[in-house]
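Close look at the chain arrangement
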Amino acid sequence: MEPFVTLRTTAVVLPLENVDTDQIIPARFLKTTDRLGLGNDLFADWRYDVSGAPRPEFVLNRPEAKAAQLLVAGRNFGCGSSREHAPWALLGYGFRAVVSSEFADIFRNNALGNGLLPVALPEAAVERVAALIAAHADSKFTIDLASTTFALPSGERFDFPVDPFARHCMLQGVDQLGYLAAKEPEISAFERARAGAY
Amino acid sequence: MTQSSPRTLFAKLWDDHLIQAESESTPAVLYVDLHLVHEVTSPQAFSVLRERRLEVRRPDRTLATMDHSTPTTPRGADRRVPIIDLKARAQLAQLERNCADFGVPLYALDNEHQGIVHVIGPELGLTQPGMTIVCGDSHTSTHGAFGALAFGIGTSEVAHVLATQCLLQRRARTMEVRMDGVLAPGITAKDLILRLIAEIGVGGATGHVLEYSGSAIQAMSMEERMTVCNMSIEAGARAGMIAPDDTTYEYLAGRPYAPQDAHWDRALARWRTFAADPGSAHDRTVVLDASSIKPMITYGTNPGMGIAVDAPVPTPSHLSDASERRALEKALQYMALTPGESLLGKSVDVVFLGSCTNSRISDLRLAAGVMRGQRVASTVRMLVVPGSQEVKRQAEAEGLDEIFRAAGAEWREAGCSMCIAMNGDELRAGQYAVSTSNRNFEGRQGKGGRTFLASPLTAAATAIAGTIADARTYVRGR
Ligand code: SF4
């Protein structure tokens, strides 16, 4: 996992709430045994028409979307299926962070575990971010994970919540499996203590 | 919270599986009793194990099956079936290889116990009260019907559990959902849960574990309780649970993996402790009057967009919240529905009876009861997909398959099928389906397909009528 420290980037807005993981990456793309290569299929059914040609009106197909590493979306982003292919596809496309007023539980965990930062801001702040982008597509935002702040182009900042442990792992670029594996003595002791319970 | 203060059911299970309590800076380390695995969300987890030279810590607490991308077309005498989709074939072969390499028991397509992961766990008696159960699948919440703490995880976490039998977790809040009253004839557990989700919304329970209680829940069979817990995730809940009782124990007795003899008595004594203490407090409470519920159906593109079958489709301009209005407009556009129109009498192309929500034997019995001696309308294709090979055998023993076949429905092999449309069973663009599954997201049942979620009774009635029908008429009419 790549460390995430700071990010300064333009952003694209998907002004929809309850964006489910079936939209982020439709199920027919889940027949892969790999984590890579899903970026092209991100939002496939909104991004491409029946012939497979990009729909020009979809945000990700606008020229200014190319360089954006931040996606701004409505509340309850990532609901539905637990597929980790959703953060894999977002990362594969080039996003490093998502702003929303609320994230679905499993999606948030999956994103954090892969170095995709879910930035939960108050609804009014999300609306301001969207308005800034609507006015100037090249507006740049700065995310600082060490201080857990999100800054508007004006410099105005918002704090956002991140689980301290997930933050530590993302800053260092380490995943959580090593931490768990080191608990082996405690796990064994626990199993011995309750042997026969099940 | 100390041991002596009254605890919720969730709190008891949480405390019981805690290897390390959470702190400000670190999440809790939670032990997992049962880990279910399927072909779609596990390959990358096994890759992590290989990359790091790790083993599966407890193959005896792990069970794999094939369900998501498997064909439901007739199988040969060896129970095998040619899998035409090369990617699906490769993924299934990978699961076989992973299970063989790591010693994980696998119920492959040729195994008599194969089926949808959330159908076979309970059916085999693997799912038991007081357990923590996880699977790389959001509908793991199903198993909460037994008083287990059961929830879906991502593939990285699948690797964590394979390697350590543990998960890093933050403690969830709890929401009590109290449902009292008697369901009217023609109303099922599916209508109850669709109503709850319509009421609190698809994000209504985010961050919470739901504890269902009340006389309507107590009166339910295990299969009905599973239908309710199954869809907890559609309200955004981390899990849904129901305290075990005699209904639970009767269901479990004699199942292949249930404790036997002296072990049974010991287990029973333990299981009886898994109820919320009187006076235990929840973070939130929602109350629903079960007797007021009508047959429910969804009209939109998330499971919270549900109405009584005889109610008009909502009108965007009646909504004050701008983003809700936008969402409704977009959903109605996708569904090609008009605000205010009635869904009753609307033609559908496909009826799907199946999925981990409604593919158990009682679901098939309900539908067969309506369809006995009837014909599926000539304009409708109906698929009946049992949740497991065990359900299929039982249905065939009861002659239900004959009822479906005689009516003109397709009687298929066990699997997820058109719930997720990964296996070739799918809607064509623009088609309407009434489906007993759990998700009506855009394209969920096939690219461009349009889904109305409903109960097995509504599905059966609709199949006969050819248009969306009120199940109550069909049940009363018999
Ligand atoms: S039946 Fe549908 S919801 Fe259930 S496990 Fe299969 S794909 Fe998931």
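Here we summarise the structure given alongside this text.

Each value, and the rule that gives it
- Residues numbered from 1 in each chain as written.
- Chains lettered and ligands numbered in written order.
- Predicted model: local features only at pLDDT ≥ 70, side-chain atom pairs only at ≥ 80, totals over all residues.
- Heavy atoms only, no water.
- Helix = DSSP H or I, 4+ residues; strand = E, 2+ residues; numbered from the N terminus.
- Buried < 20%, exposed > 50% of the residue type's maximum accessible area, 1.4 Å probe, protein only.
- Contact = heavy atoms within 4.5 Å.
- Areas by Shrake-Rupley, 256 points an atom, 1.4 Å probe, with all protein chains shown as cover.
- Lys, Arg positive; Asp, Glu negative; His and termini not counted.
- Charge placed at Lys NZ, Arg CZ, Asp CG, Glu CD.
- Buried area = accessible area lost by both parts, 1.4 Å probe.
- Salt bridge = Lys/Arg side-chain N within 4 Å of Asp/Glu carboxyl O.
- Polar contact = N/O pair within 3.5 Å; in protein donor to acceptor, adjacent residues only side chain to side chain.
- Nonpolar A, V, L, I, M, F, W, Y, C, P; charged D, E, K, R; others polar.
- Axes fitted to C-alpha atoms, helices over the stretch in contact; angles between N-to-C directions.
- Parallel < 35°, antiparallel > 145°, perpendicular 65-115°, else oblique.
- Left-handed = near helix turned anticlockwise from the far one by under 90°.
- Pairing = 2+ DSSP bridges.
- Phe/Tyr/Trp six-rings, centres within 6.5 Å; stacked < 30°, edge-to-face > 60°.

1. Looking at the overall build of chain A
- Counting its secondary structure elements, chain A contains eight helices and eight strands.
- By its C-alpha atoms, chain A is 60 × 45 × 25 Å across when sized along the principal axes.
- Within chain A, the fraction of its 198 residues that count as buried is 56%.
- By sequence separation, contacts in chain A at least 24 residues apart represent 63% of the contacts at least 6 residues apart.
- With an accessible surface of roughly 7,900 Å², chain A has 53% of that area assigned to carbon and sulfur atoms.
- Side-chain charges of chain A comprise 19 positive and 24 negative groups, with the mean position of each set lying 2 Å from the other.

2. A closer look at the interface of chain A and chain B
- Counting from both sides, the interface comprises 55 residues of chain A and, opposite them, 76 residues of chain B.
- With both sides pooled, the region where chain A packs onto chain B buries about 5,200 Å², and carbon together with sulfur makes up 53% of that total.
- For the pair chain A and chain B, the number of links is 11 salt bridges.
- The shortest N-O distance in the salt bridge between A:Asp175 and B:Arg52 comes to 2.3 Å.
- Our count for the chain A to chain B interface comes out at 29 residue pairs in polar contact (both at pLDDT 80 or more).
- Elements with a minimum of two residues in the side of chain A that touches chain B: α1 (21–24), α2 (44–47), α3 (85–93), α4 (105–112), α6 (164–172), α7 (177–181) and α8 (184–193) of chain A.
- A total of six residues in the side of chain A that touches chain B trace back to one element, the largest contributor, which is α8(A).
- Counted by class, the side of chain A that touches chain B contains 18 nonpolar, 16 polar and 21 charged residues.

3. Quick word on the side chain of B:Asn358
All names here are of chain B.
- Mapping Asn358 onto the fold places it in the loop between β15 (350–353) and α12 (361–371).
- With a relative accessible area of 2%, Asn358 lands in the buried category.
- Separated by 3.0 Å, the side chains of Asn358 and Lys190 make a polar contact.
- Beyond its immediate stretch of four places on either side in the chain, Asn358 contacts Lys190, Thr227, Leu353, Asp363, Thr436, Ala454 and Pro456.

4. Considerations on unusual backbone geometry
- Phi is positive for A:Asn76, which is not a glycine, with a value near 60°.
- Looking at the secondary structure, you find A:Asn76 in the loop between β3 (70–73) and α3.
- For A:Asn76, a relative accessible area of 1% translates into the label buried.
- One non-glycine residue, B:Arg53, lies in positive phi territory at about 55°.

5. Brief notes about the packing of α12(B) against helix α15 (residues 456–465) of chain B
All names here are of chain B.
- Where α12 meets α15, the closest approach of the two axes is 8 Å, and the angle between their N-to-C directions is 30°. Our classification of the angle between α12 and α15 gives roughly parallel. Of the two elements, α12 crosses α15, and the hand of that crossing is right-handed. Here Asp363, Leu366, Ala367, Val370 and Met371 of α12 lie close against α15, whose contacting residues are Pro456, Leu457, Ala460, Ala461 and Ile464.
- Among the residues making up the contact of α12 with α15, the classes are represented as nine nonpolar, no polar and one charged.

6. Description of the environment of A:Met1
Residue and element names in this part refer to chain A.
- Secondary-structure assignment places Met1 in the segment before β1 (6–9).
- Measuring from C-alpha to C-alpha, the distance between Met1 and Asn114 comes to 6.2 Å, with 113 residues separating the pair along the chain.
- The contact partners of Met1, leaving out residues within four places of it in the chain, are Leu112, Gly113, Asn114, Gly115, Cys169, Met170, Gly173 and Val174.

7. Section: the sheet that holds strand β4 (residues 97–100) of chain A
Residues and elements named next belong to chain A.
- Pairing in this open sheet of four strands is parallel, and the strands run β2-β3-β4-β5 from one edge to the other. With partners counted over all chains shown, the strands left at the sheet margins are β2 (11–14) and β5 (117–120), one partner each. Strand-to-strand twist of the sheet, defined as the mean angle between neighbouring strand axes without regard to direction, takes the value 20°.
- The sheet contact formed by β3 and β4 spans three bridges and is parallel. Counterpart to Leu71 in the pairing with β4 is Val98.

8. Details of the packing of aromatic side chains
- A complete count under the given rule lists 17 aromatic pairs over all chains for this structure.
- Between the aromatic rings of A:Phe190 and B:Tyr31, the centroid separation amounts to 5.1 Å while the plane-to-plane angle is 45°, which identifies the pairing as tilted. Taken together, the residues span two chains, with A:Phe190 in helix α8 and B:Tyr31 in strand β2 (residues 28–31). Accessibility classification places A:Phe190 together with B:Tyr31 in one group, the buried group.

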